[in-house]
Amino acid sequence: MDFLRRHWMLLLALLVAALAWPPQWYPLPLRVQLTRWFGAADYRPMPESLDPASLEAEEFCPADPSGWREAQDIDGVSIAASPPCAPDNPYAVAAFVRGTNNVSRDTLMRSGLTPDAVTKGRDLDGDGDPDEIHIRLEVAELNGSSGIRPDPVVQYDIAPGIRPGMWVFTPKFTGMAVENFESNIARYSLRLPSPALRVEQGDTVRITLENSHYMPHTLHLHGADHAFVDVTGEGNDGVPMTSEVPVLPGNARTYELKPRVAGSMFYHCHVQPHVHVMMGLQGLFVIEENRPGNFVQTMNIGAGLVRAPSVGVGENYDSEYDLHYMDLDRELSERIQQSNDPRLITQSMHRDYDVTDATQDYFTVNGKSFPYTFRESLVVANQGERIKLRVVNGGAKGIALHTHGHKFVVTHKDGIARPVATQSPQDVVWLATAERVDLSLQTTNDGLHSYGPGIWPFHDHQNSGVTNDGIGPGGNISAIVYADYLAADGWPRTRGVAWDQYFTEEYYRKQVPIWESYAPGLFSDVGGDRSLLLRLLVFALALGTAVALLVAPAFRKKS
């Protein structure tokens, strides 16, 4: 009797499971045959749209209460205005030009730098500018792990709510890494990318790496003219396999060079470079042409506008910008957010992580991704100007840099001038990993160099490069903005869709319908299909009952 009852119950459970199986999951031939036998199913209305979420957007353009955006003269250094809404600290710019050992105490204090961050010495060739330069760099971690709080510490957002773990070379700062005692946000000048470094052709340059990090590091001066060993016979190329032992935590090492060739170069760590370089330990290294009275801006924090350009650049250009492109692998960056034990991090990054399986998830220009790129990485122009762009690709994949509304000329490649005969206008240039180009951008409204005033985007023309982890718009989108299209606070007067959703964490968490703001209801999120959910629940219960009836006799025999 129990045998028959169990089998009847099993058949009933299987029948209920079969009836509950959602029809839309049937194979197409079966659905066609069922339609022939029983006719088409009744019309089912589309699910209703959900009400859009109420989002609170960040402030697009933070205020500038200190007046840093304005042109000013500090300790005899003429500092150009910074039109976008997130300027560099002009006191730091003055200290980088004169040397932290040569500015007033007030300027040094406002710069946030230590007295030995960039020291400048004697004028060796008598041309009116210092020729002995000593730069000191440290290593900082952004968005890393902490043993006392669950969220990342020393937080640095590349876009709303996006905080990948990073390492950066940084100038020597006084005080804390965060804004204040109650904040977990990185101080204003502590950021990605590592600062662009500038020296003059023929200068005696010393760069000291004071390793304040928990891993070994080195400096490799990629493309810059330097000896394999220094005057003491110590390795000077920064490559552990061939020239020297890395700088261990808590130690320091000085690299020396007297560059004979001017141009746009690169610097980066060469310890496990497949990891360390991709974590952010890289920067633009510029060797300026020798000119009398040439006080160069030795560091350009975060790249972008060079507010105190060199004499050589001023002879030929109206302004100069550093554009540093990078991409980040989320899987790699998250490894420093899972522990603060250097042993576990080292194992995870250098043994468990496989760079051959890596994917690039975040794409930045000057350390930010859209929409934050519009706060500080705009190229601001007037008609009839000539602008110099120094571009480096520090990412793991190439970029196809494209400008809207303009064609540029590639004047230099990897620091070497191109023959004039090869310099033709173009609007896309390919940069391989670690490649540098110097671009001459003219804003003459002639239909070739420029199409006229406006807000003209420039970006990587590979589709992934304009996303944040696959959500667009994002990535390295920025723009050439004419002054007539720039508001007083530094924000472009755009004429397209509203940007509020782009300044929310929810948008980049994939929680916001992309066109809801200007097509409400038409492309909203939809409610779930309740009949489908009910069918799935009944199917699961019936199938579970059938499985229980099948296995019950076996358990009884064992017992």
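Note that the structure is predicted; figures quoted are calculated from it, not measured.

> Could you clarify how one ought to interpret the packing of aromatic side chains in this entry?
The way to describe two aromatic rings as a pair is by their centre distance and the angle between their planes. With the rule as written, the count across this model stands at 18 aromatic pairs. Ring plane angle 35° and centroid distance 5.8 Å describe the contact between Phe169 and Tyr267, whose orientation is recorded as tilted. Here Phe169 is found in strand β5 (residues 166–171), whereas its partner Tyr267 is found in strand β10 (residues 263–268), with 98 residues between them in sequence. We note that Phe169, like Tyr267, is buried. Seen from their ring centres, Phe370 and Trp499 are 5.0 Å apart, and the 55° between their planes marks the pair as tilted. Of this pair, Phe370 sits in the loop between β15 (362–365) and α9 (373–376) while Trp499 sits in the loop between β24 (478–482) and α10 (505–508); the two residues are 129 residues apart in sequence, bridging distant segments of the chain. Judged by its relative accessible area of 11%, Trp499 is buried. In this structure an aromatic cluster arises from ring pairing among Phe60, Phe370, Tyr372, Phe374, Trp491, Trp499, Tyr502, Phe503, Tyr507 and Tyr508. Taking NZ or CZ as reference, Arg253 lies 5.4 Å from the ring centre of Tyr255, over its face.

> Help me understand a nonpolar patch on the surface, please; the structure alone is not making it clear to me.
Together, Leu12, Leu15, Val16, Leu19, Leu534, Leu537, Val538 and Leu541 make up an exposed nonpolar region whose accessible area comes to about 750 Å². Where the nonpolar patch is concerned, the elements lending two or more residues are α1 (2–20) and α11 (530–558). Here Leu15 lies in helix α1. With a relative accessible area of 48%, Leu15 lands in the partly exposed category.

> How should the side chain of Thr100 be read in this particular structure?
Position of Thr100 among the secondary structure elements: in the loop between α3 (90–98) and α4 (105–111). Among the polar contacts listed, one links the side chain of Thr100 to the backbone nitrogen of Ala117, at a separation of 3.4 Å. If we ignore the near neighbours within four places in the chain, the residues touching Thr100 are Ala95, Leu108, Leu113, Thr114, Pro115, Asp116, Ala117, Val118 and Thr119.

> I tried to follow unusual backbone geometry on my own but got confused; where do I start?
In terms of backbone geometry, most residues other than glycine have negative phi values and most peptide bonds are trans. The linkage connecting Phe370 with the following residue, Pro371, adopts the cis geometry, with an omega of 10°. Inspection of the secondary structure puts Pro371 in the loop between β15 and α9. Following Gly472, the chain continues to Pro473 via a peptide bond in cis, the omega torsion being -5°. Structurally, Pro473 is set in the loop between β23 (455–460) and β24. Even without glycine at this site, Val154 takes up a positive phi of about 50°. Of note, Ala434 is a non-glycine position whose phi angle comes to about 75°, a positive value.

> Looking at this model, I keep getting lost on α3. Mind explaining?
Working note: α-helix, 3.6 residues per turn, so residues spaced by three or four point in the same direction. With 8 of its 9 residues buried, α3 lies for the most part within the structure. Looking at α3, one finds that the buried residues are Pro90, Tyr91, Ala92, Val93, Ala94, Ala95, Phe96 and Val97. For α3, the N-terminal capping position is held by Asn89, with its side-chain oxygen 2.9 Å away from the main-chain nitrogen of Tyr91. Trailing α3 by a residue or two, Gly99 shows a phi angle of about 105°, which is positive.

> What's the story with the pattern of salt bridges in this structure? I'm lost.
A side chain of one charge can pair with a side chain of the opposite charge when the charged atoms of the two come close. All told, the structure shown has 31 salt bridges when counted by the stated rule. As a salt-bridge pair, Arg253 and Glu244 come within 3.5 Å of each other at their nearest N and O atoms. No difference in accessibility class separates Arg253 from Glu244, as the two residues are buried. The closest approach of N and O atoms between Arg436 and Asp414, which form a salt bridge, is 3.4 Å. In this pair, Arg436 is assigned in strand β22 (residues 436–442) and Asp414 in the loop between β19 (408–413) and β20 (416–417), connecting sequence segments 22 residues apart. For Arg436, a relative accessible area of 3% puts it in the buried group. When salt bridges that share partners are traced, they join Arg198, Glu288, Glu320, Asp322, Lys388, Arg390 and Asp438 into one network.

Basis of the calculations
Residues numbered from 1 in each chain as written. Predicted model: local features only at pLDDT ≥ 70, side-chain atom pairs only at ≥ 80, totals over all residues. Heavy atoms only, no water. Phe/Tyr/Trp six-rings, centres within 6.5 Å; stacked < 30°, edge-to-face > 60°. Helix = DSSP H or I, 4+ residues; strand = E, 2+ residues; numbered from the N terminus. Buried < 20%, exposed > 50% of the residue type's maximum accessible area, 1.4 Å probe, protein only. Lys NZ or Arg CZ within 6 Å of the ring centre and 35° of its normal. Patch = residues over 30% accessible without salt bridge, like charges linked within 9 Å, V, L, I, M, F, W, Y side chains within 5 Å. Areas by Shrake-Rupley, 256 points an atom, 1.4 Å probe, with all protein chains shown as cover. Salt bridge = Lys/Arg side-chain N within 4 Å of Asp/Glu carboxyl O. Polar contact = N/O pair within 3.5 Å; in protein donor to acceptor, adjacent residues only side chain to side chain. Contact = heavy atoms within 4.5 Å.

By themselves, these are just geometric observations and shouldn't be taken as functional.
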